[in-house]
Amino acid sequence: MKQIELLAPAGSMETLIAAVNGGANAVYLGGKSFGARRSALNFSNDEIAEAIRYCHERHVSVYVTVNTLIKETEIHDVMSFIDDLYRHDVDAIILQDIGLLHHVKTYYPDLHCHASTQMTFHDLAGVKAAQNLGFSRVVLSRELSFEEIKSIAEAVAIEIEFFVHGALCISYSGQCQMSSYIGGRSGNRGACAQPCRKQYTVINNTTGQTSKKAYLLSPKDLMTYEQIDKLRELKNISLKIEGRMKGADYVYSIVEAYRKGLDQGFEKEQVVNFSRTFNRQFTTGFMFGEPYAQIMNYELPSSFGVPLGTVNKLYEGHLELKLIETLNKGDEIQFRISGETVGTRTDVIMRDGIRVVSAAKGDVVTVPFKYNAPKGALFYKTYDREYIDDMFRKSQIQRAVHTISFKCTVALGKKVQLEAQIDDLTYAFESERLAEVALNRPLDETRLIEQLSKLGGTPFHIGELDIHLGDNLSVPISEINLLRRKCLDAILDDLSVRYKDRITGDYQLMTPTLTKKQNQPKRTPMMLLVFDHIDLLLRTIAEKQKINPSNQALQFEYLLTDLNGYLENLEYLMREGVVPVLPRIIRSDDSEKITTFLHAYSKNTLNTTYTEGRKYKVCLTHIGQIERVKALPLSLIADYSMHALNAMSGVLLKELGFEQMVWSTELSKDELIKVESPGLSNAVFIYGHLPLMISEYCPVGGVFTGRDNCGLCATNTFSLVDERGAVYPLVCDPSRCRTEVMSNLPISLFDHMPMLVKNGYDAFRVSIDSFNPEAIEIMVKLMHLEHLESIGQIVIYNPESHSRGNFNRGIE
């Protein structure tokens, strides 16, 4: 990789050409399946092969997205797809699924794998873990600051990639299940329905205060061009532009601007042009510490455009505008009212009673408009036809990247000799026919130079021409053209192949040896009770101690996410066998606290007797956390947020030392029954509110104060309400202003436990959250349960107050 790589999106061959012509060093694209942008046009296998050849001929790398979670039934198809990519010389594949990574590194050890931003790598320890897992590059989470990115890039040998322009997700990528929960369209499967672009209100549950309805989860688009000089200081990094669903005009204009910025430095005039393409207004996001008011666009979730002019009057289906920006025929204009947009395309523009194709700033014009618009209303231009047409035209102009020099010798009675020099390589060809004495018009040097210089449609531009032409000779022009084409084709063939040593034998999908869940030893089902606060845990332990364990159909294990509370009660909780759960997000300023906790916890294993004589445990919520515990004498649990959707994931987790795993909450009942176990203890998320988003943005601070660190959540609780009236509890962290949006209803699958036990599941995860008063009551009932088969009668599913999540329907 170059010291700084400019990486561009490509949703089609047209946009790929635009990216290359704009100056990208690399492009990323997706196939028809297994990519996180299923709504893009994407590429067939043959088109991918063509794209790779086209890019390699121009010294541009190609990375293909295979960055979705893979179902068990898709393993053969996805591996066949990767085999095809491997044979076609792809530079790297971009992955999310940890099981797929294991399979790829097993059968294609020399294929470069990039960790998608969907994997949520966000700290130095995680990046080191990614390198140890076999990744050659990590795409960092969009939430990181510039200082964090820089420090990570300087501390590791692995390549670092991060987004510098384009759409932002309000949730950490890979940690959002809102679309999946609401309608089964999973962002982890490339089918996100973008619920973050809908309208919401925030309710203060303590005071009853309600915010105005707005697009409270919709951020502006990322734009860091104004910081391009700071970005140029970095090394070993790739700057990524988002936009695989955008057109060639957009891709070219953005790539060209960043290319010039990297090569020449900041130019103020470039900033104006960004607003002339699709944008939701711009922000530097979390990278450069902007406040919420600068990050979010509560007004509009679609393209914002630029202010165009104000309404003078509206009459008889026409609109009179005083322009503050140029207006051209074919532009699209709109005004906004109460979060809604009304617009039209300006096919007819009248100025002073005369029809015109363009009007300038300061002009008063009339355009047809069938809607009502109040006097003084501000109109925006959301589609700049002239600029977009110009960008599209430029996007298709071939960009020459190689200089080719020719030496051509034409001598009587001999074959024409053509030598080509490119870089340090020389190619030599000769004609089929001999040069003869000219009977009519002899071949002259000007004509010969003209034919050799015809390089259109190729990535070459002409360098030196060394012509040795005898007098009064004749050679058919077709022979000269054929020689030139043979020479160029040979060079392009060599340029297109980068990995000559790749093995291309017959592909065989080999399935690892797995242990059937049905063949595992039968155990008394274990309830994994996960508490979010120490007080709830202590109350439950006290309740449990009142019950005779010999009459119980279930075992109980306690887990705690409240690490501060755990540390304050360390020895007692360790004696009770309470398992700490690490947070999903551990940023640089969280790292010391987590390290301190793990040190105290592991050190105390020598001083505390575990009542059941087992190894002390820790529950990891992210694959990168393996780096933090690799040297500690602890047994490992993989929580559901590891996204284990297939047996391959379990194989990797077992190899990494995990003894228990909680399968993904996006698996359906049928998939849970059919998926095979890698020999670990198998757990299912059986009850509790499911975290749907985790964000560094807090809608409470955003709505009520416009800033973070507002402190409101220290004394108040809040909920998010959608357009249907569904109420989603907000879990706010006042120390970090990190917020989780929880499911509106708790998932409840207790009545399916007997069936799951019969199919080999031996553990069941239960979330006991402070905002869910029924959770403790349910636990008390379970502690008195004597026969598992009667659990559905003890803990009754209520469709009005409970959810099945994805258990019945699965995900797309």
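Our subject is the structure that appears above.
First, a word on what this report is: a plain description of the structure on this page. (Residues numbered from 1 in each chain as written. Predicted model: local features only at pLDDT ≥ 70, side-chain atom pairs only at ≥ 80, totals over all residues. Heavy atoms only, no water.)

1. Some thoughts on the packing of aromatic side chains
Aromatic ring pairs: the centre-centre distance and the angle between the two ring planes describe each pair.
Here is step 1 of the chain: Across all of its chains, the model carries 23 aromatic pairs by this definition.
Here is step 2 of the chain: Arranged with centres 5.7 Å apart and planes meeting at 85 degrees, the rings of Tyr 566 and Tyr 601 form a pair that is edge-to-face. With Tyr 566 in helix 16 (residues 563-568) and Tyr 601 in helix 18 (residues 588-604), this pair connects stretches of sequence that are 35 residues apart. Just as Tyr 566 is buried, Tyr 601 falls in that class too.
Here is step 3 of the chain: Pairwise contacts between aromatic rings join Tyr 225, Tyr 258, Phe 266, Phe 274 and Phe 282 into one cluster.
Here is step 4 of the chain: It is Arg 336 that lies over the ring of Phe 304; its NZ or CZ is 4.5 Å from the centre.
Here is step 5 of the chain: Over the ring of Tyr 499 we find Arg 502; its NZ or CZ atom is 4.1 Å from the centre of that ring. (Phe/Tyr/Trp six-rings, centres within 6.5 Å; stacked < 30°, edge-to-face > 60°. Helix = DSSP H or I, 4+ residues; strand = E, 2+ residues; numbered from the N terminus. Buried < 20%, exposed > 50% of the residue type's maximum accessible area, 1.4 Å probe, protein only. Lys NZ or Arg CZ within 6 Å of the ring centre and 35° of its normal.)

2. Quick look at the sheet that holds strand 35 (residues 691-695)
Here is step 1 of the chain: A sheet is described by the order of its strands in space; here five strands give the open sequence 8-36-37-38-35, paired in antiparallel fashion. Edge positions in the sheet fall to strand 8 (201-204) and strand 35, since each of these pairs with one other strand and no more. This sheet shows a mean twist of 25 degrees between the axes of neighbouring strands, independent of strand direction. (Pairing = 2+ DSSP bridges. Axes fitted to C-alpha atoms, helices over the stretch in contact; angles between N-to-C directions.)

3. Concerning the pattern of salt bridges
Here is step 1 of the chain: Throughout the structure, instances matching the rule amount to 44 salt bridges.
Here is step 2 of the chain: Residue Asp 347 pairs with Arg 345 through a salt bridge whose shortest N-O separation is 2.9 Å.
Here is step 3 of the chain: Residue class for Asp 347 comes out partly exposed when judged on its relative accessible area of 33%.
Here is step 4 of the chain: Through salt bridges with shared partners, a single network forms among Glu 148, Arg 587, Asp 589, Asp 590, Glu 696, Arg 736 and Arg 738. (Salt bridge = Lys/Arg side-chain N within 4 Å of Asp/Glu carboxyl O.)

4. A look at the sheet that holds strand 24 (residues 425-434)
Here is step 1 of the chain: Taken together, four strands build an open sheet; the order of strands is 24-23-22-26 and the sheet is mixed. Strands with a single pairing partner mark the edges of an open sheet, and in this sheet they are strand 24 and strand 26 (460-469). Shown here is a sheet whose adjacent strand axes are inclined to one another by a mean of 20 degrees, direction ignored.
Here is step 2 of the chain: Relative to strand 23 (residues 415-422), strand 22 (residues 402-410) runs antiparallel, the two being bridged by five bridges. Opposite Ser 405, over in strand 23, you have Gln 421 as the bridge partner.
Here is step 3 of the chain: The strands touched by helix 13 (residues 445-452) within the sheet are strand 22, strand 23 and strand 26, with strand 26 carrying the most contacts at an inclination of about 150 degrees. (Contact = heavy atoms within 4.5 Å.)

Structural measurements only, silent on function.
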